[in-house]
Amino acid sequence: IGYARYITIYRELEKHPENRIHPIFKWFKEWCNDEFRHGEAFALRMKSDPKLTSGVNVLWIKFFLTAVYATMSVRDHQRPAFHEALGVDPDWYGHEVFTKTSAICRQIFPITLDIEHPRWDAGLKRLRKANVDLADAAEKTGPMATLRRLGAKARAAAAFASLLFIPAKRHAVPASTRMEPAY
């Protein structure tokens, strides 16, 4: 997901260089390539032992992907000023990153998340709302604040579970160990 995040920002800044808010973005192409190489090393490890991507491990893959996508969505919506400065809508950006990450995951894992499922975006929105409510309640004290925190945690857990229980898309994994970038 790191590569997909960086390449999406890089491609947007190629189109809109006026949105380069820091000199570091001039070297983002190299950073993207480095992130992709990390992914290639991970993919080689996963493909070297088929047990890692089969059986009960498929459930762990689904949990991991769901947790990473959900965390990214929550965190990116906590930084609206950053995305605004880059000229990028966080919802668009999230979907772009998930799409690119899924294209890469198809090369390694026997499943990908169904990010087009009608419950996907709604589940992410509920998770983000629960996170905002939890942060607000964390700043308060007393029994009502405790109840609000518990309620927000329960709603976050329910939203995450709803994402986790969206059926995954199954597919055959290519035999080749060569990874193809997703632009």
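What this report covers is the structure whose coordinates are included nearby.

Reading the values: the criteria
Residues numbered from 1 in each chain as written. Predicted model: local features only at pLDDT ≥ 70, side-chain atom pairs only at ≥ 80, totals over all residues. Heavy atoms only, no water. Helix = DSSP H or I, 4+ residues; strand = E, 2+ residues; numbered from the N terminus. Expected span 1.5 Å × (residues − 1). Buried < 20%, exposed > 50% of the residue type's maximum accessible area, 1.4 Å probe, protein only. Contact = heavy atoms within 4.5 Å. Polar contact = N/O pair within 3.5 Å; in protein donor to acceptor, adjacent residues only side chain to side chain. Patch = residues over 30% accessible without salt bridge, like charges linked within 9 Å, V, L, I, M, F, W, Y side chains within 5 Å. Areas by Shrake-Rupley, 256 points an atom, 1.4 Å probe, with all protein chains shown as cover. Salt bridge = Lys/Arg side-chain N within 4 Å of Asp/Glu carboxyl O. Axes fitted to C-alpha atoms, helices over the stretch in contact; angles between N-to-C directions. Parallel < 35°, antiparallel > 145°, perpendicular 65-115°, else oblique. Left-handed = near helix turned anticlockwise from the far one by under 90°. Nonpolar A, V, L, I, M, F, W, Y, C, P; charged D, E, K, R; others polar. Disulfide = S-S within 2.5 Å.

Under the 1.5 Å per step criterion, the end-to-end length of helix α5 (residues 90-105) is 22 Å for 16 residues, consistent within 8% with the ideal 22 Å. Listed in full, the buried residues belonging to α5 are P90, Y93, G94, V97, F98, K100, T101, S102, I104 and C105. Packing partners of the buried residues in α5 comprise α1 (2-15), α3 (57-77), α4 (80-86), β1 (111-112) and α6 (118-138). Structurally, the start of α5 carries an N-cap: the backbone nitrogen of D91 is 3.2 Å from a side-chain oxygen of D89.

Let us now look at a nonpolar patch on the surface. The grouping of V56, L59, W60 and F63 at the surface amounts to a nonpolar patch, some 470 Å² of accessible area in total. Looking at where L59 falls in the secondary structure, it is placed in helix α3. For L59, a relative accessible area of 60% gives the class exposed.

The subject of this paragraph is the packing of α3 against α6. Viewed as axis vectors pointing N to C, α3 and α6 meet at an angle of 55 degrees, and their least axial separation amounts to 10 Å. With respect to each other, α3 and α6 are oriented oblique. Like other packed secondary-structure pairs, α3 and α6 cross with a definite hand, here right-handed. For the pair α3 and α6, contact is made by Y69, A70, S73, V74 and H77 and by W120, L124, L127, R128 and N131, respectively. Broken down by class, the residue content of the contact of α3 with α6 amounts to 6 nonpolar, 3 polar and 1 charged.

Now for the side chain of S73. Tracing the sequence through the fold places S73 in helix α3. Apart from the residues within four sequence positions on either side, S73 is in contact with F98, L124 and R128.

Turning to the state of the cysteines, a few remarks are in order. Inspection of the entire model under this criterion finds 0 disulfides. No disulfide involves C32; its sulfur sits 17 Å from the nearest other cysteine sulfur, which is in C105. A relative accessible area of 0% places C32 in the buried class.

A word on the pattern of salt bridges. This structure, assessed with the given rule, holds 9 salt bridges. The salt bridge involving R5 is made with D76; its shortest N-O contact spans 2.9 Å. Placement of the pair is R5 in helix α1 and D76 in helix α3, with a sequence separation of 71 residues. R128 is the partner of D91 in a salt bridge, and the nearest nitrogen-oxygen pair spans 3.6 Å. Placement of the pair is D91 in helix α5 and R128 in helix α6, with a sequence separation of 37 residues. The class for D91 is partly exposed, based on a relative accessible area of 42%. Owing to a relative accessible area of 12%, R128 belongs among the buried residues under this scheme. Linked through salt bridges whose partners overlap, the residues forming this network are K129, D133 and R155.

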